[in-house]
Structures are given as structure tokens and as C-alpha cells.
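Fold and contact review
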Protein chains: 4
Amino acid sequence: MGIAERKEREKEARRGEILEAAEKVFFEKGLNQATMDEIAAEAELGKSTLYLYYRSKEDLYLAVMMRGSEVMFRLFMEATSTGEPTLKLIRNLGDAYYEFFKKHRNYFRMYYFFESPDLHTQVSDEMKAACFRNDEKIWGLVIGLIRKAIAEKVFRDDIDPQQTAVILWANANGLMRQMDRMEPYWRDAMKIDLDATLRRANTFVLQGMMTDKAKKQFAGLFE
Amino acid sequence: MGIAERKEREKEARRGEILEAAEKVFFEKGLNQATMDEIAAEAELGKSTLYLYYRSKEDLYLAVMMRGSEVMFRLFMEATSTGEPTLKLIRNLGDAYYEFFKKHRNYFRMYYFFESPDLHTQVSDEMKAACFRNDEKIWGLVIGLIRKAIAEKVFRDDIDPQQTAVILWANANGLMRQMDRMEPYWRDAMKIDLDATLRRANTFVLQGMMTDKAKKQFAGLFE
Amino acid sequence: MGIAERKEREKEARRGEILEAAEKVFFEKGLNQATMDEIAAEAELGKSTLYLYYRSKEDLYLAVMMRGSEVMFRLFMEATSTGEPTLKLIRNLGDAYYEFFKKHRNYFRMYYFFESPDLHTQVSDEMKAACFRNDEKIWGLVIGLIRKAIAEKVFRDDIDPQQTAVILWANANGLMRQMDRMEPYWRDAMKIDLDATLRRANTFVLQGMMTDKAKKQFAGLFE
Amino acid sequence: MGIAERKEREKEARRGEILEAAEKVFFEKGLNQATMDEIAAEAELGKSTLYLYYRSKEDLYLAVMMRGSEVMFRLFMEATSTGEPTLKLIRNLGDAYYEFFKKHRNYFRMYYFFESPDLHTQVSDEMKAACFRNDEKIWGLVIGLIRKAIAEKVFRDDIDPQQTAVILWANANGLMRQMDRMEPYWRDAMKIDLDATLRRANTFVLQGMMTDKAKKQFAGLFE
DNA sequence: TATGAATGAGGTTTCATTCAT
DNA sequence: AATGAATGAAACCTCATTCAT
């Protein structure tokens with residue numbers, strides 16, 4: 001009975017090695033500049049072997065990206081498991097995303113691709129589904145928290161949880177994208193404090209969502 | 001006296017024709033799927049002629065994108081030339097951007113490329129500079145308006161105009177990106193009203209920036 | 001044990017097929033008029049496959065040319081392995097070269113390229129080295145024979161073997177070049193007997209190199 | 001009447017300027033590496049203007065080459081106008097050719113092209129005819145001299161003048177070609193004295209052509 | 001006459017992907 | 001399962017030549 005399992009384990013190990021190699025190359029070169037040849041060399045495998053494990057370069061790219069998603073998910077889980085009040089947890093979520101941005105910039109950048117529909121020409125349906133599941137998991141976490149905040153009357157009850165989640169995410173993500181491209185320019189030429197900008201934007205949006213009661217209650221959170 | 005000028009005009013016309021053809025192909029296929037051969041065929045020119053006018057496919061792509069920038073700039077100019085109060089003008093700006101998103105989706109999508117630094121491998125310095133100038137022009141318009149709002153005590157004086165501009169833009173842009181990808185899903189499966197979402201998010205952010213006095217004065221604007 | 005070897009053999013076979021196709025096209029069209037596309041079509045391979053085996057069109061051209069060198073070398077070997085006296089062998093060498101010229105005109109003509117340094121712009125160092133080795137092999141054979149003739153006092157001992165080899169070769173080659181271009185004109189308009197011309201020129205040069213003793217001894221050779 | 005003539009003169013002058021520019025570029029780069037653009041730039045003319053004066057790049061190349069022919073012809077004329085005995089004049093001819101080789105190497109090298117039939121694809125019939133006339137003029141001079149030598153019983157009367165001319169030329173030319181390519185190698189690695197080699201080869205051939213009487217008479221010429 | 005622009009052809013290169021073993 | 005080889009597509013580039021003014 002052990003043989004099939006060992007085979008399976010070995011196969012998984014090999015997938016992991018390939019992923020490792022791909023990650024290294026994609027981080028260094030980006031999707032376009034990275035070549036399958038280079039990844040194969042890095043993995044010490046023949047180029048065609050990569051195709052036994054991943055259907056296309058884009059699939060491989062997304063597989064690496066999903067590792068990033070997992071990292072992000074873990075950060076989100078930790079940030080929301082502190083037992084603090086819901087509003088604080090939502091604030092924590094923003095901080096966790098910012099931490100992901102700062103500490104895992106390479107993963108963060110991979111989402112550029114994910115967000116450019118034009119580029120996806122070779123993504124397999126399996127991979128699309130896997131990405132979608134991953135995405136859902138994260139959205140689920142965020143939306144659940146917002147629902148809780150509404151239930152607790154911290155957020156107004158005339159807002160839609162999904163809509164709200166998207167606003168929060170888009171606000172943070174849009175800014176971080178911009179920061180990623182302009183970081184040196186902003187910091188050096190324009191003297192903008194990036195951390196403060198992000199926090200302020202988040203504050204704006206959150207306050208828009210909060211009930212008046214909650215605003216008074218949690219005033220200290222936004223100083 | 002006219003010959004040199006006519007030549008110049010014709011050359012410009014030819015650049016325009018190429019751009020027209022490129023636009024058509026890029027809109028249909030996207031950057032990667034579009035080929036120079038196809039653009040040349042569409043323009044009824046030899047492929048090498050394209051290279052007389054644009055140094056690379058990416059340059060050509062950006063040239064088309066800059067047409068989009070101009071469209072956007074015109075929309076922005078119109079939106080801010082109505083003689084209305086500054087805050088309304090800023091609101092108009094958001095609406096104008098949304099209009100750009102809805103009516104010129106193809107141009108909107110081209111910015112994906114612009115925002116993915118990894119993809120730029122063949123962009124000439126001239127084109128980079130041209131894009132930068134274009135960008136500056138639009139930012140200048142927005143930032144100018146924000147300065148005016150601060151001077152008029154509509155916006156708080158403890159916010160930074162550039163920072164504020166970026167927050168406004170990132171908020172709208174991040175959402176529209178998301179909408180672009182998820183539009184059918186959101187509308188059909190999740191019943192989210194996209195227009196309302198965007199407007200609401202903008203309201204949140206604007207209100208965060210406004211002085212208390214302005215909030216009372218312009219309460220009607222946000223209903 | 002056989003797999004690697006079979007692979008090797010197949011690869012060699014493929015190189016051979018490419019060479020065969022290239023030869024056909026080069027013979028028909030010459031270096032400039034031949035296109036890689038045509039060669040690829042002839043070989044029933046993709047154009048990029050050609051570049052897996054040869055680094056440039058010029059390399060491929062020289063590879064074909066070297067086949068000619070081998071043919072020539074074989075003719076030279078046969079001509080000098082008859083067991084006849086050294087002088088006769090040297091005479092045979094001239095005849096063999098003439099035979100090469102007549103029977104392998106296409107190969108002969110390829111040397112035009114080899115001899116025009118201006119034309120070599122894409123020749124790889126490997127190919128240059130290979131050509132050089134080939135060249136050396138042939139010169140070695142000729143020079144060896146001349147040394148023998150000197151040792152046997154058939155050739156004067158005040159001549160330099162290398163110098164002598166070059167004179168013999170240049171004399172024959174220069175004439176054959178001329179013949180190649182002017183053959184119809186000479187034969188038809190000027191009634192020059194080409195075989196006789198070549199033989200006579202060779203006689204002149206050989207006699208200049210021979211000792212008086214040898215001249216008497218081998219007088220019959222030159223009638 | 002003067003206008004047409006002035007026009008004609010100006011046109012000739014322009015042809016000359018183009019030739020001058022082409023010569024400079026061809027000397028530096030050779031036929032293949034030289035571009036019409038570069039020649040046009042050198043001539044300070046538009047590229048298409050070149051085509052008003054010469055039908056193709058190859059025509060232009062040959063026009064430059066013919067300037068070389070004229071230089072050679074002048075050298076040959078001088079060498080044969082000294083009033084010395086015919087055999088000496090023939091010897092002088094060889095020296096003159098060698099002088100041409102040494103002093104006008106750039107022109108000498110242009111003949112590589114002339115001698116490679118494969119390369120002539122764009123030569124106009126006019127230019128071919130002009131080259132042919134030029135060629136004839138030089139051959140005429142040489143053959144005339146040989147006829148004279150035969151008439152004076154310096155050369156044997158069983159040799160054909162044309163055949164003899166070709167042998168003399170091919171012998172010298174073949175050697176100089178070889179020298180041109182191998183000069184550094186021969187001089188440095190093989191210690192061959194090039195001048196001596198050439199002279200010796202010429203001696204061999206000349207002696208083969210001479211009558212016994214002449215050999216005695218002109219023995220001093222070959223020491 | 002002069003020319004800027006256009007062009008077609010083809011060499012070179014790079015790569016993701018596929019194929020045959 | 002692993003891989004070396006093949007390949008097609010396309011970008012990029014260069015240039016002689018032609019065209020329209």
C-alpha cells in the first residue's frame with residue numbers, strides 16, 4: 001500500500017521544488033522576463049518536466065502567487081484572533097495587509113498580473129478555480145468580520161458587507177499600488193509619509209462606515 | 001513656405017493613422033496578443049514603417065494609452081469648468097473619472113500595463129518622459145483643486161494636497177479595477193450596485209477630508 | 001549504453017540533413033540569394049531549428065564548404081597514394097585539384113566567400129577554427145610532399161616548402177578562378193584550350209622548382 | 001549653348017562627389033558592411049539621390065573599382081614606357097602590379113567582389129560593359145607586349161599570347177590574394193619573404209615562356 | 001534634380017510549448 | 001516520469017530600393 005503513497009509524496013515534493021525555483025526566478029525577473037529555461041535550470045530539471053507539473057508558465061506563476069495568498073491569509077488570521085473588539089480587528093486587518101505589502105513585496109507585486117485580465121491567456125481552468133477558492137477564503141474572512149461589526153452596531157446597518165469589504169480593500173490596495181511605484185519619488189521628492197497616508201485613508205473610510213455611537217466609543221482608535 | 005509644413009502635417013497624419021490602427025488592434029487583443037504584423041496590416045503599411053514612427057510595440061501601446069490620457073484630461077477639464085463650488089468640482093472629478101471608466105473602458109484597461117513596471121522592457125526614454133508629462137498634467141489639475149479647497153476652508157488645513165489627491169485617486173481607481181474584473185459577478189450574483197458603491201466610497205473619503213463647517217454647508221451634496 | 005550514442009548519432013544525422021538542404025540551396029542560389037527560410041523548407045524543419053545547429057547563415061555556408069574541403073582532401077589523398085615517384089605525385093596533385101574544379105564546381109565556388117574576409121561578419125569562432133584546421137590538413141599534405149621532393153633532390157634545396165606550396169596553389173587557383181569566370185568566352189571566342197593552359201602553367205612552375213638532374217630524369221613527364 | 005554644358009559639368013561633378021564618398025565608405029567597410037545611408041551621409045546628399053547617378057549599390061561599387069583600374073592602367077603604362085627591352089618591360093609589369101597591390105590595397109581588394117559571380121545581382125548592363133571595356137584595355141596592353149616578345153623571339157613562338165597573359169596574371173594575382181589574407185601569418189609565423197616569393201614565382205613562369213636564347217641573354221634579369 | 005518616407009525582404013533571436021523517446 | 005530536441009510565432013533590426021512630391 002505504501003508505494004502509491006510514496007509516489008504521491010515524491011510528486012508533491014517535486015512540485016514544491018519547482019515552485020521554489022519558479023518563485024526565485026519570478027521574484028527576480030517578473031513574469032515576462034522570467035523564462036521557463038531559467039526556472040528549469042534553477043530547479044535542476046529539464047524544461048519539459050515543468051510541464052508535467054504545471055500546464056503553463058502562467059499557471060506556474062499563479063501557483064507561486066497562491067503561496068503569497070496563503071501568507072496573507074495567515075497574517076489575516078493572526079490579526080483577527082487577538083480577542084480585541086471587532087473594530088480593532090478590522091483595523092488590524094488593514095495593518096496586516098500593509099505588513100504583507102512591506103514584508104512580502106514580491107508576492108504583493110504578483111497580483112499585478114492577477115489583476116490584468118489581458119495577460120491571462122494560458123491559465124488553466126483548474127488554476128483559475130484554485131485561485132478563486134483562495135480569493136473567496138480571504139474575502140470570507142473579511143466579510144464575516146464586517147457582518148459582525150454591523151451586528152454589533154459598530155458599522156451602520158445600511159451598508160452592504162460585501163460592498164464595504166471591497167471599498168476597504170480597494171482603498172488600501174489602490175494606495176499601496178501607487179506607493180509601490182512611487183515610493184522613492186514620494187518619500188524623497190514630495191516628503192509624503194506613506195504609513196500616515198495609508199492610515200489616514202483607512203480612517204476616512206472606516207469612519208464613513210461607523211455608527212455615530214461607535215465613533216464616540218472608539219474615538220481613541222483614530223488618533 | 002508651405003512645403004515643410006505640409007510634410008510635417010502629413011507625418012503627423014501618418015502617426016495618427018498608425019495610432020488609429022494600433023488602437024483598434026490593442027483594444028481587440030490586448031498588448032500581448034496583438035502583433036505588429038496585425039497592426040501594420042490594419043494600417044495598410046509595412047511593418048518596418050511602424051518602427052519608423054514608434055521604437056517598439058510597447059512605445060506604440062503607450063502612445064495609444066496617452067490618447068486615453070487626453071480624453072481623460074478633457075473630461076476632467078470640463079468637469080471642473082462649470083463654475084460650481086470647489087467641493088462640487090472635486091465631486092465632479094470623481095464622476096468624470098467614473099465616466100471615463102464606463103465610456104472608455106478600453107483606455108482604462110491600458111493603464112494596467114502602465115502600472116506594471118515589470119512589463120516595460122522596450123519602452124523608450126522619450127516615451128517614458130512623454131507619459132510622465134501627461135501624468136503630471138492630470139495630477140496638477142487635481143492637486144490644484146485640492147489646494148483651492150484647502151484655501152477656501154472646505155478641506156481641513158492639516159491634510160497634504162498631494163497625499164489627498166493620491167487617496168482620492170487610489171480609492172476610486174482601486175474600486176474600478178475591481179469592478180472591471182468582477183462586474184458581471186457583482187452585479188448578477190451579489191446584487192451590488194456599482195455606481196452606488198463608488199459614490200459611497202468617495203463620500204467616505206471626501207468627508208474625512210472636509211472641515212466641519214463644510215460638512216454642514218454641503219450636506220446636500222452627499223445624499 | 002546505446003541511448004546516448006543513438007541520440008548522438010541522430011543529432012549528427014540531423015546536422016547532415018540540414019547540411020544537405022543547405023548545400024542544395026547554396027548551390028542553386030549562392031550565399032546571398034539563398035535564404036534561411038528556403039533552407040529550412042528544403043530541410044523540412046523550422047527555421048529556428050537551423051539555428052540550433054548552426055549559429056548563422058555564414059556558419060552554415062562554411063559547413064557546406066568544408067564538405068567540399070573533405071572531397072578535395074580525399075582526391076588529394078588518392079592522387080598521392082599511387083606509389084609513383086614524388087614528382088609525379090605532385091603533378092597528380094595538380095590534376096586532382098583540376099578534377100575538383102571540374103567535377104565539384106559548386107564547392108570550388110564557395111571558396112570565393114572564404115577568401116573574401118569582408119564578407120565574414122557572422123562567422124563563429126568555432127567555425128573559423130574548424131575551417132582553419134581543415135585548411136591546415138590540406139596544406140600539410142602538400143607541404144609534406146614538397147619536403148619529400150626536396151629531400152629526394154627532385155626539387156632544389158634552396159626553395160622553401162611552404163613558399164613553394166603557395167606558389168603551386170596560387171598558380172593553379174588563380175587560373176581556375178579566371179577560367180571559371182571566362183570559360184565560355186575563352187573556349188568559344190578565343191579558342192584557348194583550358195586544360196592545356198593549366199597544365200602548361202603548372203609545368204612552368206614545377207620546372208622552376210626542380211633540380212637540373214630531376215629535369216633530365218623526368219623530362220617525359222612534361223611532354 | 002552654355003547652359004546645357006554647365007548642367008552637364010555639374011552633373012559630372014556631382015557624380016564625382018558621390019564616388020569620392022562611396023570610395024571612402026567602401027574602403028572602410030567593404031561592400032557588405034557599407035550602407036547607402038552612410039554613403040549618402042558622407043556625400044551630404046539624400047540616399048535616393050545616389051540612385052539618380054548610380055543604378056545600384058553594386059554599380060556604385062564597381063564605379064569605385066574602375067577608378068582603381070585606371071590607377072592600375074596608369075602604373076602599367078608607366079612601367080612599359082621606359083624604352084627598356086621587352087622582357088624587362090614584362091618584368092616591370094609584374095612589379096607594377098605588385099606596387100598596385102602594396103600601395104592601393106583598398107582598390108586591390110575590391111576585385112574580390114568582381115571575381116565572385118554570385119555577388120553580382122544588381123549590376124546594370126551599362127556598368128558591366130564599362131567594366132569589360134576597362135578590362136580589355138589592360139589585357140590589350142599586356143597581350144600586346146607578349147606578342148612583341150614573341151615576335152622578338154624572347155618568348156617561344158609555340159605559346160599563345162592570351163594564354164600566356166592569363167598565366168602571368170593568375171600567377172601573380174593568386175599569390176597576392178593569398179598574401180593579402182595571410183600576410184601577418186606568413187611574415188610572422190612562417191617567416192616567408194613575400195616579395196621574394198612573388199618574384200620567384202614570376203621568374204618560374206617567365207622562364208618557362210622564354211626561348212633558350214633569351215634565357216641566356218637575359219640571365220642577369222633573374223638573379 | 002533632390003529627397004524624405006515607405007517598404008519588403010530576410011537575418012537573427014527568444015521562448016513557450018509540444019513531441020518522441 | 002523525464003527530457004532533449006523541435007518548432008512556430010513574433011519581436012526586432014537592417015537595408016537596398018522605390019515612390020511621390
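Residues numbered from 1 in each chain as written. Chains lettered and ligands numbered in written order. Predicted model: local features only at pLDDT ≥ 70, side-chain atom pairs only at ≥ 80, totals over all residues. Heavy atoms only, no water.

**Quick look at the overall build of chain A**
From N to C terminus, chain A includes 10 helices and zero strands. Each helix and strand of chain A, ordered N terminal to C terminal, gives the series α-α-α-α-α-α-α-α-α-α. Expressed as a percentage of the 223 residues in chain A, the buried residues total 53%. Relative to all contacts within chain A whose residues are 6 or more apart in sequence, the contacts with residues 24 or more apart total 69%. Put simply, chain A shows about 10900 Å² of open surface, and 51% of that area lies on carbon and sulfur atoms. Here chain A contributes 35 positively and 36 negatively charged side chains, and the mean placements of these two sets differ by 3 Å. (Helix = DSSP H or I, 4+ residues; strand = E, 2+ residues; numbered from the N terminus. Buried < 20%, exposed > 50% of the residue type's maximum accessible area, 1.4 Å probe, protein only. Contact = heavy atoms within 4.5 Å. Areas by Shrake-Rupley, 256 points an atom, 1.4 Å probe, with all protein chains shown as cover. Lys, Arg positive; Asp, Glu negative; His and termini not counted. Charge placed at Lys NZ, Arg CZ, Asp CG, Glu CD.)

**Points about the environment of A:Asp157**
Positionally, A:Asp157 belongs in the loop between helix H7 (125-151) and helix H8 (161-190). Along the chain, A:Asp157 and A:Met210 lie 53 residues apart, while their C-alpha atoms are 9.2 Å from each other.

**So, the relation of the copies chain B and chain A**
Each copy superposes on the other: chain B lies on chain A with an RMSD of 0.4 Å after a rotation of 179° and an axial shift of 0.2 Å. Within this description, the copies of the chain are treated as partners about a two-fold rotation axis. An overlap of 100% is found between the interface residues of chain B and their copies at the interface of chain A, pointing to a shared contact surface. (Least-squares fit on C-alpha atoms with pLDDT ≥ 70 in both.)

**Focus on the interface of chain B and chain A**
Contacts between chain B and chain A engage 44 residues on the former and 44 residues on the latter. Surface buried jointly by chain B and chain A totals about 3700 Å² across both partners, of which 61% is contributed by carbon and sulfur atoms. Here A:Asp158 ties to B:Arg200 by a salt bridge, and the two come within 3.5 Å at their closest N and O atoms. Connecting chain B to chain A are four residue pairs in polar contact (both at pLDDT 80 or more). Those elements that place two or more of their residues in the side of chain B that touches chain A are helix H1 (2-33), helix H6 (105-115), helix H7 (125-151), helix H8 (161-190) and helix H9 (194-209) of chain B. Top contributing element to the side of chain B that touches chain A by residue count: H8(B), with 14 residues. Residues of the side of chain B that touches chain A, tallied by class, amount to 22 nonpolar, 12 polar and 10 charged. (Buried area = accessible area lost by both parts, 1.4 Å probe. Salt bridge = Lys/Arg side-chain N within 4 Å of Asp/Glu carboxyl O. Polar contact = N/O pair within 3.5 Å; in protein donor to acceptor, adjacent residues only side chain to side chain. Nonpolar A, V, L, I, M, F, W, Y, C, P; charged D, E, K, R; others polar.)

**Quick word on the domain arrangement of chain A**
Residues and elements named next belong to chain A. Split by domain assignment, chain A resolves into domain 1 (1-53) and domain 2 (58-218). For domain 1 and domain 2, the distance between their C-alpha centroids amounts to 30 Å. In this assembly, 11 residues from domain 1 lie in contact with nine residues from domain 2. Of the roughly 990 Å² buried where domain 1 meets domain 2, counting both sides, 75% is carbon and sulfur surface. Among the residues of domain 1 in contact with domain 2, Leu19, Phe27 and Leu31 are the three that bury the most area, contributing 55% of the side total. Run the count over domain 1 and domain 2 and you get two salt bridges. One salt bridge connects Arg67 with Glu20, and the closest N-O pair in it is separated by 3.0 Å. Across the domain 1-domain 2 interface, the total number found is three residue pairs in polar contact (both at pLDDT 80 or more). Listing elements by their share of the side of domain 1 that touches domain 2, those giving two or more residues are helix H1 (2-33) and helix H2 (36-43). The biggest single contributor to the side of domain 1 that touches domain 2 is H1, with nine residues. (Domains from an automatic or database assignment.)

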